[in-house]
Amino acid sequence: MGLLHASLLNVVPDCRVVAVCEKNRLIHHFAQNILPGVKVVSEIAEFSGLKLDTVCVTTPTSTHYAIIKAILDQKICCNLFVEKPLAGNVEHSARICELVKTTGYPVINTVGYNRRFNVVFRKARELIQSEFNGGIRNFEGYAFSSDFLDAVDDTRRISRGGVLRDLGCHAIDLTAWCLGDLTYQAVNTSQVSAGGAIDAVDFKVQSRNGINGTIKASWCASNYRLPEIGLVVESHQGQRLTANDDKVEFRDNQGNTRTWHKHDLGDNTYYMLGGTDYYREDAEYINAVKTGQPLEPTFATALNVDKIVDVVEKSILKQIDEK
Amino acid sequence: MKNKLILVGDNPFHGVSHVSRDRSLQRDGKILDAKHAAELVALSIKYGANGFTFTVSPTTFSILQDIGNIKFANNVALYPLFPNVNEFVRTAGAAGGLPGLAKDIAKKIATTMDTQMLGNGIKGVIYNNPEALFKAYVKYEYLRLHRIIKQGKNLTLTSMLLHEVVTDMALALDMQWLFRAHIDLMRYIKLKPGFETRNLPYFVRQFEKWRIGFDNIVIEAPFNPIGFQMCPSQADCEQAAQTAQGSEIIAFSILAAGYVKIPQAIEYVNRLSGISGIGVGVSSEKQASETFPMIKGNF
């Protein structure tokens, strides 16, 4: 993710990558030779004095808290972008948000839930807000991949933090973004690997308006060449919306269905790498840094996702203990 | 007039359908079977394709082995893309990130036992020389391809193209050295240097800035009538194709991932100057028999 964001930030107009921090000695030395004009350091403290406008934290999630704290303590820059999720556990996320609240820094603080920058999900959100005024009956957010369909090795599962932190957090953030803040209700089913990583989970949530819905996540699902994040919303009047990374389909209360593919939604960006969402995300973030206007999801918004992940994980652990 | 390139692409053989994940899921497992994929490639060639563009992978190597046994009427030009980025991401994930991936690549290079390549690899690691390491890796991919292709009857390795993810990251990070290293090595082994990109206008600007000529450079880039994935815009990409005179531009995504029909796609590509080839994937015998004669007759 570091290389991806560095590449994209380097082409966003008025933005240049000037320094990279890499602790691994081999990669550090190579980076020095590979990246022309970029200062390569091995400690965050070495960023001091570079007058950076922003730092993007794209390291493993478990390291986020210490890095964010070091950047803020050493006043390295005023704005921060952090890859999702905000931190390795909810306590760390809460402490980061407390720091923001008490110090006012980072001024612009954004977490990389890139699906918010996908044209299809933007259209889905717009349709939910404009067409579902009669009331939503139920909803489902999901995140599926085949990453561990046949995998027996637990090390990778554990290092990625389980499906909920790795992939499911996208479904939670996307659903909350489209339908309002969510509260956890109960776990329906779950699947945990021998080493204790969550492989699949299906749990009930409730939206701010008291509507019941479900979040499903699995990285052992069949036939997912790429991960898929999606959303299904149904109204009391028979309307139905389904959205995934490629298309949004809306059926009105007369039974007429309309589909919008990415093609129909002006998906082109100035630069394309790993799809168009990442460029849009980075460009809008840099614009936020330039204008001082906050960009969602902020650290505080991302904390809500981490709270749900935490309570679901604890509920699953409790169920296992009880068995 | 020079023969236009009509390449059969390998995306469907990896389960790719950009327009719809549903469509990918609906496809039966047959399309992902290397034997069946090889039959489709052979059929596509019979119906008018004169080349094959693919990402290096066990599936495509198996396809090459199978089609290498067939005697075609004409030579089949091969335009492989490397590295296999999906495999790299998987390996990096399993082996503990970039250092693990580097070790895995080094191990693979070492087992090919080519002295010059080994020398480059060792030089690359000892002297932190990314160019030497890159060349060792390209040579490793070249030898893997060469070993399969030399057994084939009509297969001709024409170019080796740097995969879009590497090309576009290197473009963005101003890594001029990587482009020069690839071009030098390709010319040394008498192949056309190739690059796949989704950012053709940026690619052309960078090459102009670095004063790298376009002569005999193969570029694969998306071109379609609706401007899908033509970044930043259709007009900019068309202009860039005109600017890159001397290069061999191969248009892919001409059907905008199944969103437009073949006649419309061909009509559009025919209107553009500077396009010397097109790449299209097919997922069934019926599609191959309909698609390639139509392209051959109209492109």
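Just so it is clear, the model here is predicted, and its values are computed rather than measured.

### Here we look at the environment of Gly255(A)
Residue and element names in this part refer to chain A.
Point 1. Relative to the elements of secondary structure, Gly255 occurs in the loop between strand E12 (247-251) and strand E13 (257-261).
Point 2. With 9 C-beta atoms packed within 10 Å, Gly255 lands in the exposed category.
Point 3. Remark: the alpha-carbon pair of Gly255 and Val40, spanning 215 residues in sequence, is separated by 58 Å.

### Some remarks on the packing of helix H5 (residues 119-131) of chain A against helix H7 (residues 162-179) of chain A
Residues and elements named next belong to chain A.
Point 1. Between H5 and H7, the least distance of the axes is 9 Å, while the angle of their chain directions is 35 degrees. Residue-level inspection shows Phe121, Ala124, Arg125 and Ile128 of H5 in contact with H7, the latter providing Leu174, Trp177, Cys178 and Leu179.
Point 2. In the contact of H5 with H7, the residues fall into seven nonpolar, no polar and one charged.

### Considerations on the sheet that holds strand E4 (residues 79-83) of chain A
Residues and elements named next belong to chain A.
Point 1. The strand order across the open sheet built from three strands is E3-E4-E5, with neighbouring strands paired in parallel fashion. What marks the edges here is a single partner per strand, and that holds for strand E3 (55-57) and strand E5 (108-112). Averaged over all neighbouring strand pairs, the angle between strand axes comes to 15 degrees, with direction disregarded.
Point 2. For E3 and E4, the ladder comprises three bridges, and the chain directions are parallel. Looking at E4, one finds that Cys56 is bridged to Phe81.

### Brief notes about the confidence of the model for chain B
Point 1. Confidence along chain B averages 87 in pLDDT terms, with 86% of residues attaining 70 or more.
Point 2. For this predicted complex, the interface confidence score (ipTM) comes to 0.92, while the overall pTM stands at 0.92.

### Some details on the interface of chain A and chain B
Point 1. Tallying the contact residues gives 30 residues for chain A and 33 residues for chain B.
Point 2. In the side of chain A that touches chain B, the residues fall into 14 nonpolar, 11 polar and five charged.

### A few points about the sheet that holds strand E8 (residues 198-207) of chain A
Residue and element names in this part refer to chain A.
Point 1. Within the open sheet, the eight strands sit side by side as E7-E8-E9-E6-E10-E11-E12-E13. Their pairing is mixed. Taken across any chain shown, the strands that pair with only one partner, and hence form the sheet edges, are strand E7 (182-192) and E13. Ignoring strand direction, the axes of neighbouring strands in this sheet form an average angle of 10 degrees.
Point 2. Sheet analysis places strand E10 (residues 228-235) next to strand E11 (residues 240-244), joined by five bridges and oriented antiparallel. Bridge pairing in E11 places Leu231 opposite Ala243.
Point 3. Against the sheet, helix H9 (residues 299-322) contacts E7 and E8, and its axis sits at roughly 45 degrees relative to E7.

### A few points about unusual backbone geometry
Point 1. Omega for the bond connecting Tyr105(A) with Pro106(A) falls within 30 degrees of zero, at -10 degrees, which places this linkage in the cis form.
Point 2. Mapped onto the elements of the fold, Pro106(A) is located in the loop between helix H4 (90-103) and E5.
Point 3. Note that the residue after Phe82(B), namely Pro83(B), is joined by a cis bond; omega there is -5 degrees.
Point 4. The topology assignment puts Pro83(B) in the loop between strand E3 (76-82) and helix H4 (85-94).
Point 5. If you check the backbone angles, Arg211(B) has positive phi at about 55 degrees while not being a glycine.
Point 6. Along the chain, Arg211(B) turns up in the loop between helix H10 (200-210) and strand E7 (218-222).

Criteria and thresholds
- Residues numbered from 1 in each chain as written.
- Chains lettered and ligands numbered in written order.
- Predicted model: local features only at pLDDT ≥ 70, side-chain atom pairs only at ≥ 80, totals over all residues.
- Helix = DSSP H or I, 4+ residues; strand = E, 2+ residues; numbered from the N terminus.
- Buried ≥ 20, exposed ≤ 12 C-beta atoms within 10 Å, placed from the backbone.
- Axes fitted to C-alpha atoms, helices over the stretch in contact; angles between N-to-C directions.
- Contact = placed C-beta atoms within 7 Å.
- Nonpolar A, V, L, I, M, F, W, Y, C, P; charged D, E, K, R; others polar.
- Pairing = 2+ DSSP bridges.
- pLDDT = per-residue confidence, 0-100.

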